[in-house]
Amino acid sequence: MSLPSDLPPTLVVGAGGFMGGHFLRSYRSVQPACAGTSHSPRPRVAHRLDLREPDLSTLPLEPFRAALVLAALPRIGMCEAEPARTHAVNVEGALQLTRQLLDRGIRPVLFSTDYVWDGETGGYADGAPHSPITVYGRQKAELETRALALDSSVLIVRPGKVYGLVRGDGTVLDEMAGLLAKGEPVRAAFDQVLTPTWIEDVIEAVAHLQVAGASGVVNACAPEAWNRHDLALAIAEGLGVEQELVQRISIDDLGLQPQRPKNTSMRCERLLEFADVSFLSVDEAIQRTIGNWKETP
């Protein structure tokens, strides 16, 4: 990963989460003035900020020129069960924070999701019309629309299916490998198509977008589309376990309510206008994951 040396001092809102924690560590490696917030006390996160009632007046904002708004309530089931509570955070809280940042001359970078589409076609470009079928997807689609109406200079990033390469991090490749390495079955949908993207590549893409002054909506994802079944088969083969452990199912077999979008693969056309980011191939990521699980812990 190569981050630009002129990365602006950035506040990472939601640094207690998986993505936020990775962003904060990486950004600090080139810009020590970067800092993070969390809604509850976390190690190495200096400041508290709750999107239910965001208030920047208590934070030392002098060094910051940008802010990544990663905090959210992204659990699909929670958004369905508690639409008002999650809307207050995912939409109203994020917008309120965006206004406060803009008023202070701090450029906000918001994060959205591939769930803003229904998954009927896949291969979604940056400007593809919204067609969400989940409450969470509708909330993020609303956030995109209202944030850009508030100020067209706002940058909104849609990552793909983000994964890490640390054993035990619980992201998609690691979760599959952990089960298969223990001889446990993996139910993997052949019709759920993702754009798997390494977290470090997302970080590099966002950093370059910031430095380039990009605005609007940008898909920040690797160029490969994979379904879950093929991912699991490749991991099983690499681990040398019985491929029968990979159970081929349809996502419909899971009986999830609401129904999940099936093909949320994206194209990252606008990203390439601003930055020449080289993404880790999924094959290489699978090999690294296999290596993690073949090592003695």
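Draft legend 1. Fine view of the overall build of the protein chain. Scanning the protein chain from terminus to terminus reveals nine helices and 13 strands. Since a compact globule built from 297 residues should have a radius of gyration of about 19 Å, the 19 Å found for the protein chain is in line with a globular shape. Every one of the 297 residues in the protein chain was classed for burial, and the buried ones make up 55%. Across the protein chain, every contact between residues at least 6 apart in sequence was considered, and the portion connecting residues at least 24 apart equals 78%. Carbon and sulfur atoms provide 49% of the accessible area of the protein chain, an area that totals close to 12800 Å².

Draft legend 2. Molecular detail of the sheet that holds strand β3 (residues 47-48). As summarised here, the arrangement of the seven strands in space is β3-β2-β1-β4-β5-β6-β11, forming an open sheet in which the pairing is parallel. In the strand order of this sheet, the two ends are held by β3 and β11 (216-220), each with one partner. Where strand β1 (residues 10-13) meets strand β4 (residues 66-69), four bridges bridge the pair, whose relative direction is parallel. The residue bridging Val12 from the neighbouring strand is Leu68, located in β4. Contacts between helix α3 (residues 83-103) and the sheet are confined to β1, β4 and β5 (107-111), with β5 contributing the most and set at about 155° to the helix.

Draft legend 3. Expanded view of the packing of aromatic side chains. Applying the stated criterion across every chain, the model contains three aromatic pairs. Taking the centre distance of 5.6 Å and the plane angle of 70° together, the rings of Phe23 and Tyr27 count as edge-to-face. Placement of both Phe23 and Tyr27 in helix α1 (residues 18-30) is noted, with a separation of four residues, approximately one turn of the helix. Each member of the pair, Phe23 together with Tyr27, is buried. Taking the centre distance of 4.5 Å and the plane angle of 5° together, the rings of Trp117 and Tyr124 count as stacked. In this structure an aromatic cluster arises from ring pairing among Phe23, Tyr27 and Phe111. Above the ring of Trp293, the side-chain terminus of Arg167 is found at 4.0 Å from the ring centroid.

Draft legend 4. The arrangement of unusual backbone geometry in detail. Residues Gln257 and Pro258 are joined by a peptide bond in cis, for which omega reads 0°. Turning to its location among the elements, Pro258 is positioned in the loop between β13 (246-249) and α8 (271-274).

Calculation criteria
Residues numbered from 1 in each chain as written. Predicted model: local features only at pLDDT ≥ 70, side-chain atom pairs only at ≥ 80, totals over all residues. Heavy atoms only, no water. Helix = DSSP H or I, 4+ residues; strand = E, 2+ residues; numbered from the N terminus. Rg over C-alpha atoms; globule rule 2.2 N^0.38 Å. Buried < 20%, exposed > 50% of the residue type's maximum accessible area, 1.4 Å probe, protein only. Contact = heavy atoms within 4.5 Å. Areas by Shrake-Rupley, 256 points an atom, 1.4 Å probe, with all protein chains shown as cover. Pairing = 2+ DSSP bridges. Axes fitted to C-alpha atoms, helices over the stretch in contact; angles between N-to-C directions. Phe/Tyr/Trp six-rings, centres within 6.5 Å; stacked < 30°, edge-to-face > 60°. Lys NZ or Arg CZ within 6 Å of the ring centre and 35° of its normal.

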